[in-house]
Amino acid sequence: MKERNLLLFLVLITFLAPIDAAFAQVKNKTKQKPNVIIVITDDQGKGDLACEGNPYIKTPAIDKFYSNAVRFTNYHVSTTCAPTRGAIMTGRHSNRVNVFHTINGRSILFEDEVTLPQIFAQNGYTNAMFGKWHLGDNYPYRPEDRGFHEVIRHGGGGVGQGPDYWGNDYFDDTYWHNGEMEKYEGYCSDVFFDGALNFIETNKDKPFFCYISTNAPHSPYNLPKDYFDLYQGKKFKDINERTLRFYGMITNIDDNFKKLEDKLNQLGIADNTIVIFTTDNGTAAGRGVYNAGMKGGKGSQYEGGHRVPLYIRWPDGQLTGGKDIDNLVAHYDLLPTFVDLLGLDFNPVKPLDGKSLKPLLSNENSNWENRILYMDTQREQNLIKYRKYTVMDANWRLVDGKELYNMSNDLGQENNVIEANQEVASRLAVGYEKWWKSFVDEEVNERYAYIKVGSAKENPSRISAHDMIVGKYSQAWHQNGAINAVQAGGGKWKIEFVEDGEYSISLRRFPRESGLAINATFPAQKEAVEYDKTWPAGIKTDFKEAFLYVANISKTLEIKKGQDEVTFKGNIPAGKYDMEAQLIDEVGRLHPAYYVYVEKL
C-alpha cells in the first residue's frame, strides 16, 4: 500500500510540475512592468490624420490605433519642436529648462534636469531612442548622456541642419549610433523604425522604453517617389505640392507604424506594452487644407499651434476601447503620469509643472481641477515676457492678454469676447503673472548650458554654429549658412573645459566629413533621385584669417590656400568660458567658424 501511494505521489508530482512552472511563468509575466513606446512625429498637426477628419490624407494604421486607444482631445504641447521635447523629458515647462528656442544654445536641456529615460533606467528599464533628439548634440546633453542605452539619431533639429552629418538628405544618410557616425541605407523614417523594431525584438523579455521620434514630416519635404505618387490625381489637384509631399511623408510614417504594431503582436507583447502616438506642435504644411477646425499652425499661440493628438493604448491596463478624454492636459503631464501609473521610484528634486493623468485614465476624475495652463512662442535669445502667449483653462483662452475666446463654442477662435468677460480675462491674466514670476525666481535668463570639452565621454568635440549664442537671427545654424557664408556678428559659445591641459581648437567652414577646404565653392546642385532638391552654390572664396578667443587664447592666424581648418593650440585651465571663433574675409567682415573641433591632447 505504501509503495502504491508513493508511486501515485510521484506521478502527481511529475504531472503537476509543468503546470506549476507555467503558472509561475504567467505570474512572473504579469508582475513585469509594461513596456513603453512613444511615437512622436515632427511638425504634424491634429488635422494631419484621417481619423481626425482629414479627407485627403491616408493614415489607415494610425486610424485603426485611434479606434482602439484612449484619446486626449484637449492635449497641448509647445508651439515648436525642441520645447515640446524638453517638457516631455522633464515634466517641467520648457521655459524653465533652457529649451525655449530651437537654436542658439537655447535648445540644450540643462544638465541638472532629471529626464524620463533616467527615471526609467533607475527602475530597471532598458531605453532606446531613434530619430530626433534636439536637446543637445554634445556631451553632457546627448541622449546617451541622459538615460538612453541605445541611440540612432540625426543632429540638431532636423536632417541637414548644422549639427547633422554633412550632406544628409533623408536618403542613405549617416547618423550617430551611440556616439559614433554610422552610414545607413534607406529613407530616414524607415531607418529609425527599423532600428526600433530591432531593439524591441532584442529586449522583448524585459521592460523597455522605446522613444521613436521621427524628423518627418519636417522640412525639407524629401520623400520616396512611391509616397509622392500616392497623392497625385484629380482629388489632389487643388492642393499645393509642398502639402502633398508633407502628406506623403506622414503616410510613410503610418506604414512604419503598422510594422511596429505587427512586431508587437508577433512577439506577443502588445497587451503589456503602452503605446503612445503624438506630435510635437501644430501643422507646418497642412493648415491651408485641413486644420481640424482650429486657427494657427506651428509657432502660433492660437489653438492650432499647440493642440495636437495624444492617443494611448495599454490592453493589460484597460486603456483601450476608443474612449475620448476631454480634460485640458499638457505634454509635461506625461512624466508624472508614467511615474504614477507604473509605480516608478522617483522623488523630484525640482517642482514639476505636470500632473498625473492616472485619475482621468481610470475614470476617477470627479475632482479634477479646472487647471490654468500656459504656452508661448519665445524663439529668442532670452525669455521675453508677454511674447506670443496663451493662457488656457477648461473653457477659455486668453491670447496675448488682448483676446479672449470661449472654446466651448468657438474652437476656431473667431470671436473675441474679452469686453463681455473682463472677470475671466482678469483671472487668467493674474495666473500668467504668477507663472512668469516663477521663471524669474529660477533665474532662467541668467543661466546657460555649457558644452563640456576635454572629457573622455567626447573627445574631440564637434561643435557647430547651431549652438552659438547670437543676438540677431542668422542662418549660421544650418548647413546652408556655411555654404552661403552668412554673417553672425558677435556670436559666442558657452564652453566648459573639464580638465586643465593642452588643447587643440580647429576652426572650419565645413565639417571634417565634408572634405571641403575653407575657401571651396560648394557645388550648386546635389543629386537626389527621389526629390529635385537644389543646394545653393557656395558664394565666398575669400576668407583670409581665422580668429579665436577663449580662456587665455586670443589670436589671429592666416588662412592659406587649400587649407581646410585652422588649428590653435594652448594650455587651458579647467573652467567655464565664452568662446569666439571667427573667419574673416578680405574686406574684414566677420563670419562665424561654422564648425569648431576642440580636442584635449
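Note that the structure is a prediction, hence the values are computed from the model and not measured.

A.B. asks: Would you explain the pairing of strand E5 (residues 150-153) in this entry?
C.D. replies: Side-chain positions along a regular strand alternate between the two faces of the sheet. Judged from the 4 bridges that link them, strand E4 (residues 126-131) and E5 form a sheet pairing that is parallel. Pairing of Ala128 across the sheet is with Glu150, part of E5.

A.B. asks: Mind showing me how you'd approach the pairing of strand E14 (residues 389-392) here?
C.D. replies: Burial along E14 is two-sided: the residues Tyr389 and Val391 and Thr390 and Met392 are all buried. The pairing of strand E13 (residues 373-376) with E14 spans 4 bridges and is antiparallel. Directly across from Met375, in E14, lies its bridge partner Thr390. Bridge count for E14 against strand E15 (residues 396-399) is 3 bridges, and the pairing is antiparallel. By the bridge assignment, Thr390 is partnered in E15 with Val399. Hairpin connection, E14 to E15: the antiparallel pair is bridged by 3 residues.

A.B. asks: Looking at this structure, I do not really get the nonpolar core. What am I missing?
C.D. replies: What tends to happen in soluble globular proteins is that the nonpolar side chains get buried as a cluster. The biggest cluster of nonpolar side chains holds 54 residues, and the ones touching the most others in it are Ile37, Ile200, Cys210, Phe257, Leu260 and Tyr311. Looking at this core, the elements with two or more residues in it are strand E1 (35-41), helix H2 (60-67), E4, helix H5 (188-202), strand E8 (208-213), helix H6 (225-229), helix H7 (241-267) and strand E9 (273-279). For this core, the element with the most residues is H7, which contributes 10 residues. Those residues in contact with Phe257 that lie beyond four places of it in its chain are Val39, Ala61, Ile62, Phe65, Phe193, Val275 and Phe277. Membership of the second largest hydrophobic core comes to 44 residues, among which are Tyr75, Tyr125, Val151 and Leu360.

A.B. asks: I'm lost on the environment of Ile384 in this one. Help?
C.D. replies: For Ile384, the location among the structural elements is in the loop between E13 and E14. Take Ile384: its relative accessible area is 36%, and that puts it in the partly exposed class. Between the alpha carbons of Ile384 and Tyr374 there is a distance of 14 Å; along the sequence they are 10 residues apart. Those residues in contact with Ile384 that sit more than four places away from it in its chain are Gln378 and Trp436.

A.B. asks: For this particular structure, what's the right way to read the confidence of the model for the protein chain?
C.D. replies: Segments scoring low in pLDDT should not have their predicted coordinates read at a detailed level. On average, residues of the protein chain score 92 in pLDDT, and 92% of them are at 70 or above. Low pLDDT, under 50, characterises residues 6-30; the predicted model gives this stretch 2 contacts beyond four residues in sequence or across chains. This stretch, residues 524-535, has a pLDDT under 50; its non-local contacts, to residues over four places away or in other chains, come to 33 contacts.

A.B. asks: Sorry, what's going on with the sheet that holds strand E26 (residues 595-600) here?
C.D. replies: With respect to topology, 4 strands assemble into an open sheet ordered E18-E26-E20-E23, the strand pairing being antiparallel. The two strands at the open ends of the sheet, each matched to only one other strand, are strand E18 (461-464) and strand E23 (566-572). For this sheet, the mean inter-axis angle between neighbouring strands, taken without regard to orientation, is 20 degrees. The pairing of strand E20 (residues 501-508) with E26 spans 6 bridges and is classified as antiparallel. Bridging from a neighbouring strand, Arg508 pairs with Tyr595 of E26.

A.B. asks: What exactly am I supposed to notice about the pattern of salt bridges here?
C.D. replies: Pairs can form between side chains of opposite charge once their charged atoms are near each other. The full count for this structure, using the stated rule, is 39 salt bridges. Three or more residues are tied together by salt bridges with common partners; here these are Arg92, Arg96, Asp112, Glu113, Lys350, Asp353, Glu442 and Arg447.

A.B. asks: What's the story with helix H3 (residues 81-90) in this structure? I'm lost.
C.D. replies: The element H3 is extensively covered by neighbouring structure, given that 10 of its 10 residues are classed as buried. Buried residues of H3: Cys81, Ala82, Pro83, Thr84, Arg85, Gly86, Ala87, Ile88, Met89 and Thr90, and no others. Positive phi appears at Gly91, one or two residues downstream of H3, with a value of about 75 degrees.

A.B. asks: What should I look at first to understand the sheet that holds E1 in this one?
C.D. replies: Whether parallel or antiparallel, the strands of a sheet pair through hydrogen bonds between backbone atoms. Within the open sheet, the 10 strands sit side by side as E7-E6-E5-E4-E8-E1-E9-E10-E2-E11. Their pairing is mixed. Looking at which strands have only one partner, the edges of the open sheet turn out to be strand E7 (180-183) and strand E11 (323-325). Across the sheet, the axes of successive neighbouring strands diverge by a mean angle of 15 degrees, strand direction being ignored. As defined by bridge partners, strand E2 (residues 70-72) adjoins strand E10 (residues 310-313) across 2 bridges and the pair is classed as antiparallel. What sits directly across from Arg71, in E10, is Tyr311.

A.B. asks: In this structure, what is going on with the environment of Val486? I would like to understand it.
C.D. replies: Structurally, Val486 is set in the loop between helix H11 (479-483) and strand E19 (493-497). Ignoring any residue separated from it by four or fewer positions in sequence, one finds Val486 in contact with Ser474, Gln475, Ala476, Gly481, His591, Pro592 and Tyr594.

A.B. asks: It is not clear to me how the packing of H5 against H7 should be interpreted in this structure. Could you clarify?
C.D. replies: When two helices pack together, their arrangement is captured by the angle between the axes and the distance separating the axes. In the contact formed by H5 and H7, the axes pass within 10 Å of each other and the chain directions differ by 10 degrees. Regarding the angle of H5 to H7, the classification is roughly parallel. Contact with H5, carried on its side by Ser189, Asp190, Phe193, Leu197, Ile200 and Glu201, involves Asn252, Ile253, Asn256, Phe257, Lys259, Leu260, Lys263, Leu264 and Leu267 of H7 and no other residues of that element. Class assignment for the residues of the contact of H5 with H7 results in 8 nonpolar, 3 polar and 4 charged.

What counts, and at which threshold
- Residues numbered from 1 in each chain as written.
- Predicted model: local features only at pLDDT ≥ 70, side-chain atom pairs only at ≥ 80, totals over all residues.
- Heavy atoms only, no water.
- Pairing = 2+ DSSP bridges.
- Helix = DSSP H or I, 4+ residues; strand = E, 2+ residues; numbered from the N terminus.
- Buried < 20%, exposed > 50% of the residue type's maximum accessible area, 1.4 Å probe, protein only.
- Core = buried A, V, L, I, M, F, W, Y, C linked by side-chain atoms within 4.5 Å.
- Contact = heavy atoms within 4.5 Å.
- pLDDT = per-residue confidence, 0-100.
- Axes fitted to C-alpha atoms, helices over the stretch in contact; angles between N-to-C directions.
- Salt bridge = Lys/Arg side-chain N within 4 Å of Asp/Glu carboxyl O.
- Parallel < 35°, antiparallel > 145°, perpendicular 65-115°, else oblique.
- Nonpolar A, V, L, I, M, F, W, Y, C, P; charged D, E, K, R; others polar.

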